[in-house]
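Commentary on secondary and tertiary structure
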Amino acid sequence: MVSSAVHSFVRPLVARATPARAVPDRLPLADPSTLPVRDPHRPPWPGREVTSGGVTLHVRETPGPDEVAAVYVHGLSGSATNWTDLAGLLGTRAAGVAVDLPGFGLSQPLDSRDYSPSGHADALLCFLAGRGRPVHLLGNSFGGAVAMAVAARRPELVRTLTLVSPAMPDRRPDPRRVSDVRLLLAMLPGLGRRARAELAAQSPRVRAENAVRLCFGDPSIATEHRLAEAAAEYEARARLEWAREAVERTGKAMVASWLRGESLWSMAARVQAPTLVVWGDRDRLVAPRLAQRTVAAVPGSRLLMLPGIGHVAQIEAPDAVARAVAGMWDAEAAGRWQG
């Protein structure tokens, strides 16, 4: 997510899958019968700290075939729980590892406190290199940008790449990117003090509801039990001394990289892995108009555009996304994926 959403922390909040209709003929989709039935009440997968390549991250692991691995990377204000449903649906094809980036979820920050896009990419790159085999890599929003950077820099680590509304550079101002105008005021020195205090006083439940309104194409599908889970996670995060620092500094560093011209567009051209780009046509955070440009920039990529879906398609429409991801994995394994 972009920096204006720094206080939006997303959990799986889906009640039902929105069907995908606008699927290109060239995009292979897995037979639904080859995927498990999704449990909408599925709690987050078990978590633990894992050290790999000299980097320690908190991860949530989904059981699956030992010979195939998938790694999931959340967005700016998210965590590993953003992938609960999708990782479960893909568990028959790959064992899943959803990571909390440094300073997010339950991962402690790195000693360097480097929250830049390149710093997060370095951490993930080292973590993956330590695993010793290529993985199916999936990222949403800021996590998509980080995953793209890893795939471009170390292609031998990435078997396939899935980008869900990746945070491609977009400097056009758009007030729809914020769930509360005070998020903009809070960034102003001096004048933003009152706005920051008011935002800090919001209840975890209000924050969860704001996140849904901002990130979902259809907020009405969020169920009560998922909203309660989201609020509980907000409350737990508030007790971590590094949580606010990580979100705010990461968001500012991402926007600063755009302003300095450190473009992901040139990095996209270096991606070698088969790539699936997923976008919702109601995405308020990263404009849907960037979807076609992203596909044009990444060699060997294809687009799944989901009508009525917002910024977190893997949460709002996990069944549709799972069919497309599994279809790509199957095609890649059979040598049938072509850009």
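Heads up: these notes are all about the structure in this document. Only a predicted model underlies this, so the values are computations on that prediction, with no experimental measurement involved. (Residues numbered from 1 in each chain as written. Predicted model: local features only at pLDDT ≥ 70, side-chain atom pairs only at ≥ 80, totals over all residues. Heavy atoms only, no water.)

Looking at where A296 falls in the secondary structure, it is placed in helix α10 (residues 290–297). Using a relative accessible area of 68% as the deciding quantity, one classes A296 as exposed. Taking C-alpha positions, A296 is 9.3 Å from A268, a pair spaced 28 residues apart along the chain. (Helix = DSSP H or I, 4+ residues; strand = E, 2+ residues; numbered from the N terminus. Buried < 20%, exposed > 50% of the residue type's maximum accessible area, 1.4 Å probe, protein only.)

Turning our eyes to something else, we now look at the pattern of salt bridges. Any two side chains of opposite charge can pair, given that their charged atoms come close. Counted under the stated rule, the structure contains 13 salt bridges. Between R113 and E245 there is a salt bridge; the shortest N-O distance is 2.9 Å. Here R113 is found in the loop between β4 (95–99) and α2 (117–129), whereas its partner E245 is found in helix α8 (residues 243–259), with 132 residues between them in sequence. The class for R113 is partly exposed, based on a relative accessible area of 32%. As a salt-bridge pair, R159 and E332 come within 3.0 Å of each other at their nearest N and O atoms. On the criterion of sequence distance, the pair formed by R159 in strand β6 (residues 158–164) and E332 in helix α12 (residues 318–333) is long-range, its members being 173 residues apart. Classification of R159 by relative accessible area gives partly exposed; the value is 28%. Residues joined in a network through salt bridges with shared partners are D85, R226 and E229. (Salt bridge = Lys/Arg side-chain N within 4 Å of Asp/Glu carboxyl O.)

Bringing the nonpolar core into the picture now. For soluble globular proteins, the rule of thumb is that nonpolar side chains tend to be buried together. Core analysis: the biggest nonpolar cluster contains 70 residues, and L128, L137, L161 and W279 have the highest contact counts within it. Element by element, the count of residues in this core is highest for helix α3 (residues 142–153), at 9 residues. (Core = buried A, V, L, I, M, F, W, Y, C linked by side-chain atoms within 4.5 Å.)

Another point: the pairing of strand β5 (residues 135–140). Counting buried positions over the 6 residues of β5 gives 6, a clear majority of the element. Alternating residues of β5 divide into V135, L137 and G139 and H136, L138 and N140, and every residue in both groups is buried. Where strand β3 (residues 69–73) lies against β5, 4 bridges are found, and the strand directions are parallel. Within the sheet, the bridge partner assigned to V73 lies in β5 and is G139. Bridging between β5 and β6 involves 6 bridges; their strand directions are parallel. (Pairing = 2+ DSSP bridges.)

Another aspect to go through is the sheet that holds strand β8 (residues 301–306). One open sheet accounts for 8 strands, arranged β1-β2-β4-β3-β5-β6-β7-β8; its pairing is mixed. Each having just a single partner strand, β1 (47–52) and β8 make up the two edges of the open sheet. Geometrically, the sheet is characterised by an average inter-axis angle of 25 degrees between neighbouring strands, direction not taken into account. Across 4 bridges, strand β2 (residues 55–62) lies against β4 in antiparallel orientation. Considered in β4, the bridge of T62 is made with G96. Relative to the sheet, α10 contacts β7 (275–280) and β8, its axis offset from that of β8 by approximately 165 degrees. Each of β3, β5, β6, β7 and β8 touches α12; the most contacted strand, β6, lies at about 155 degrees to it. (Axes fitted to C-alpha atoms, helices over the stretch in contact; angles between N-to-C directions. Contact = heavy atoms within 4.5 Å.)

This part covers the packing of α2 against α3. Two elements in contact, α2 and α3, have axes separated by 9 Å at closest approach and are oriented at 60 degrees. Our classification of the angle between α2 and α3 gives oblique. The hand of the α2/α3 crossing is right-handed. The residues of α3 that touch α2, namely those facing P117, S118, H120, A121, D122, L124, L125 and L128, are F142, V146, A149, V150 and R153. Considering only residue class, the contact of α2 with α3 consists of 9 nonpolar, 2 polar and 2 charged. (Parallel < 35°, antiparallel > 145°, perpendicular 65-115°, else oblique. Left-handed = near helix turned anticlockwise from the far one by under 90°. Nonpolar A, V, L, I, M, F, W, Y, C, P; charged D, E, K, R; others polar.)

We now examine the packing of aromatic side chains. In total, this model carries 1 aromatic pair according to the counting rule given. Their ring planes at 40 degrees and their centres at 5.3 Å tell us that Y72 and W83 sit as a pair that is tilted. One end of the pair, Y72, is in strand β3; the other, W83, is in the loop between β3 and α1 (84–89), and 11 residues separate them in sequence. Overall, W83 belongs to the buried group, its relative accessible area being 1%. Taking the ring centre of W45 as reference, the NZ or CZ of R42 above it sits at 3.6 Å. Directly above the aromatic system of W265 lies the positively charged group of R293, at a separation of 3.9 Å from the ring centroid. (Phe/Tyr/Trp six-rings, centres within 6.5 Å; stacked < 30°, edge-to-face > 60°. Lys NZ or Arg CZ within 6 Å of the ring centre and 35° of its normal.)

As a further point, take the environment of R323. Here R323 lies in helix α12. Sequence-wise, R323 and D31 are 292 residues apart; in three dimensions their C-alpha atoms are separated by 7.1 Å. Dropping the residues within four chain positions of it, R323 is found in contact with P28, L29, A30, P32 and L35. Engagement of the side chain of R323 in a polar contact is seen with the backbone oxygen of A30, the distance being 2.8 Å. (Polar contact = N/O pair within 3.5 Å; in protein donor to acceptor, adjacent residues only side chain to side chain.)

A few words on the packing of helix α6 (residues 204–215) against helix α7 (residues 224–238). The axes of two packed helices give the description: the angle between them and the distance between them. Where α6 contacts α7, the axes come no closer than 8 Å and their chain directions differ by 120 degrees. Classified by the interaxial angle, the pair formed by α6 and α7 is oblique. Along this stretch, α6 crosses α7, giving a crossing that reads as right-handed. Seen from α6, the contacting residues are P204, R205, R207, A208, E209, A211 and V212; seen from α7, they are E224, L227, A228, A230, A231, Y234 and E235. Grouping the constituent residues of the contact of α6 with α7 by class yields 9 nonpolar, no polar and 5 charged.

Structural measurements only, silent on function.
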